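Each chain, letter by letter, is given below.
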Amino acid sequence: MLSPFGRAAADETNLHFPPKKLVRFPEKTDLLLLTDRPPQLETPLHYFRQDLTPNEAFFVRWHESALPTLIDPAAFRLTIGGNVERPLSLSLDELKRDFEPVSVTALAICSGNSRSLFQPPVPGSQWVNGGMGNARWTGVRLTDLFDRAGLKAGSVEITMQGLDRSPMPALADLKKALPIEHATDGTLIVAYAMNGTPMPMLNGFPLRLIVPGYYATYWVKCVTDIQVTTEPFHNIWHDVAYRVPDNPDYNESEDHLAVKTKPIGKLSIHSIFVRPEPLETIPFGQAYPLEGLAYDAGYGITRVEVSADRGQSWQEAALDPEIDRYSWRRWRLNWTPAARGPYQLRVRAVNQAGEHQILSQWNHGGYGRKVIDSTTGLVV
Ligand SMILES: Nc1nc2c(c(=O)[nH]1)N[C@H]1C(S)=C(S)[C@@H](COP(=O)(O)O)O[C@H]1N2
Ligand SMILES: [Mo]
């Protein structure tokens, strides 16, 4: 089957055609190229053997080609305005000095991560599973900033904007919005550090919003302005893009596109293989240490199971200790192949809320993937 991109469809496996090139951007190591303007770079799978994704290997995704290329740290300000008693304009030094620092380890994952695995294929950035990364974020609580600014009654949403701009008048800047209840629930952080150091420019230096448990489209990079609104916000990034069918599995079909949609929100439950890598050859007659990652919106992964017989029987994997509520969680299982020849392995996760993965899912945006992942190769 040929996709709209002229590549063979990757049937039931985490393969990708054509293979992506490894390229080097400033402050980054070699990453897999999706597009260069704006930069979209995927993390090679082997980095996911580490619990924290190194800053230089962390995936990159921008929407607008007019990116910030330099920051004057002395002149940079974060403004908080709109429906507040006292609008704020904070320097980086003030943010670090005047507010209590907090840290959280949280998974940033693109809404379209794993999109290239959707069948039938959908347009959009063709991530395999590397459009995500787990990092320790340090910064200040958004609610501490709101306490200083004084939220006024009648607030309905906040809007967040970074320093990047649309290259053309017809396309709106990437400004995002969240409901005020979510913005004030205490989970959001304005981060100035990533894994203990300032973040690379491409990952949002000098400040980025952390929205634990929510898809990274809300994690606005180089965030410089937060407005409290009294009216719901609208732009193309809210009303057209980043919307999903309004049902639990984000399902629709090509023949019956969902009539009712909603903005994408919390992470779908999902799990992937880190080992073996796609098409890896495994020796017969030995235990192979299968390993992977499971993640959800922060309810807590309770069980991960692997099948080596196309889903007929499942074996429970061991879970590494939980790193943090909104972090991914590593699973492991020793597998001794019963025969030589091609193998197909599947993995599925369950969480505290009873959420589980599903066999098939499709939406035209390729968002929120929660399909049972599989990987193939050869036992020799
Ligand atoms: N300012 C700004 N922030 C942004 C975006 C963007 O285009 N501009 N893209 C969002 C999306 S969709 C994703 S997936 C993440 C990517 O974060 P990363 O580049 O640090 O991996 O940033 C989010 N924040
Ligand atoms: Mo994204």
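Residues numbered from 1 in each chain as written. Chains lettered and ligands numbered in written order. Predicted model: local features only at pLDDT ≥ 70, side-chain atom pairs only at ≥ 80, totals over all residues. Heavy atoms only, no water.

## Details of the packing of aromatic side chains
This is how it is decided: A pair of aromatic rings is counted whenever rings of Phe, Tyr or Trp (Trp by its six-membered ring) have centres within 6.5 Å, and the orientation is called stacked for planes under 30 degrees apart, edge-to-face for over 60 and tilted otherwise. In this scheme, the term charge over a ring applies when either NZ of a lysine or CZ of an arginine sits within 6 Å of the ring centre and within 35 degrees of the ring normal.
By the definition in use, this model includes nine aromatic pairs. Here Phe58 and Phe59 contribute two aromatic rings whose centre-to-centre distance is 5.6 Å and whose plane-to-plane angle is 25°, an arrangement assigned as stacked. Clustering of aromatic rings is evident, with ring pairs tying together Phe58, Phe59, Trp127, Trp137 and Trp219. When the ring centre of Tyr192 is taken as origin, the NZ or CZ atom of Lys96, which lies over that ring, is 5.4 Å away. Lying across the ring of Phe118, Arg369 places its NZ or CZ 5.2 Å from the centre.

## What to know about the UniProt feature "domain: Moybdenum cofactor oxidoreductase dimerisation" (unreviewed entry) in the chain
Cut-off, in case you're wondering: UniProt positions are given in the numbering used here, feature names are shortened, and annotations may be inferred rather than shown by experiment. Helix and strand definitions here come from DSSP, where helices need a minimum of 4 consecutive H or I residues and strands a minimum of 2 consecutive E residues; each element is numbered from the N-terminal end.
According to UniProt, the positions carrying the feature "domain: Moybdenum cofactor oxidoreductase dimerisation" (unreviewed entry) are residues 263-353. Counting secondary structure, residues 263-353 comes out at 0% helix and 51% strand; the distance between its end C-alpha atoms is 21 Å.

## Examining the environment of Asp72
The residue Asp72 is located in the loop between strand 4 (60-61) and strand 5 (78-82) in this model. Separated by 256 residues in sequence, Asp72 and Trp328 place their C-alpha atoms 34 Å apart.

## Here we look at the site of ligand 1
Selection criterion: By convention in these notes, a residue is near a molecule or strand provided one of its non-hydrogen atoms lies within 4 Å of it. Polar contact is defined as a pair of N or O atoms within 3.5 Å, subject to the rule that within protein one atom must be able to donate a hydrogen and the other to accept it, and that residues adjacent in sequence are counted only when both atoms are side-chain atoms. The protein chains shown are the only cover counted for residues, whose accessible areas, like all others here, come from Shrake-Rupley with a 1.4 Å probe. Put plainly, a pocket is an open set of points on a 1 Å grid over the protein atoms alone with protein on both sides within 12 Å along at least five of seven lines, a cavity is a set where a 1.4 Å probe fits but cannot get out, and a lining residue has an atom within 4 Å of a point. Put plainly, a molecule is in a cavity or pocket when over half of its atoms are within 2 Å of the grid points there. Ten residues, namely Ala, Val, Leu, Ile, Met, Phe, Trp, Tyr, Cys and Pro, are considered nonpolar, four, namely Asp, Glu, Lys and Arg, are considered charged, and the remaining ones, Gly among them, are considered polar.
Around ligand 1, the surrounding shell holds 18 residues, and the nearest of these are Phe59, His63, Asp164, Arg208 and Lys221. Here an oxygen atom of ligand 1 and a backbone polar atom of Phe59 are 2.6 Å apart. Contact distances for ligand 1 include 2.5 Å between an oxygen atom and a side-chain N or O atom of Lys221. Expressed as a share of its isolated accessible area of 530 Å², the protein-covered part of ligand 1 is 100%. Its atoms largely coinciding with the cavity grid, ligand 1 occupies the largest cavity. Partitioned by chemical class, the residues of the shell around ligand 1 number eleven nonpolar, three polar and four charged.

## Things to note about the nonpolar core
Looking at soluble globular proteins, one finds that nonpolar side chains tend to be buried together. What counts here: Nonpolar cores are built from buried Ala, Val, Leu, Ile, Met, Phe, Trp, Tyr and Cys residues. Side-chain atoms within 4.5 Å join them into one set. Burial classes: relative accessible area under 20% of the type maximum marks a residue as buried, over 50% as exposed, and values in between as partly exposed (1.4 Å probe, protein chains only). Each domain's limits were defined by an automated method or a database of domain assignments.
Grouped together as the largest cluster of nonpolar side chains are 73 residues, with contacts concentrated most on Trp137, Leu142, Leu145, Ile158, Val190, Leu207 and Trp219. Looking at which domains feed residues into this core, each of domain 1 (36-263) and domain 2 (270-379) gives three or more. Of all hydrophobic cores here, the second largest spans 18 residues; its members include Phe273, Val304, Leu345 and Val379.

## Digging into empty space enclosed by the protein
Filter applied, for reference: Grid points are joined across faces, edges and corners, and a volume is the space filled by probe spheres set on the points.
All chains considered together, the criterion is met by three cavities of 30 Å³ or more. Taken as a whole, the largest cavity spans an internal volume of roughly 270 Å³. Along the wall of the largest cavity there are 20 residues; nearest its centre are Arg61, His63, Arg208, Ala216 and Lys221. Its residues placed into classes, the lining of the largest cavity shows twelve nonpolar, four polar and four charged. Quantified by volume, the second largest cavity comes out at close to 60 Å³. Surrounding the second largest cavity, Ile109, Cys110, Ser111, Asn113, Ser114, Tyr215, Leu267, Ser268, His270, Tyr295 and Arg369 form its lining. Along the lines of polarity and charge, the residues of the lining of the second largest cavity split into five nonpolar, five polar and one charged. Each of domain 1 (36-263) and domain 2 (270-379) accounts for three or more of the residues forming the lining of the second largest cavity.

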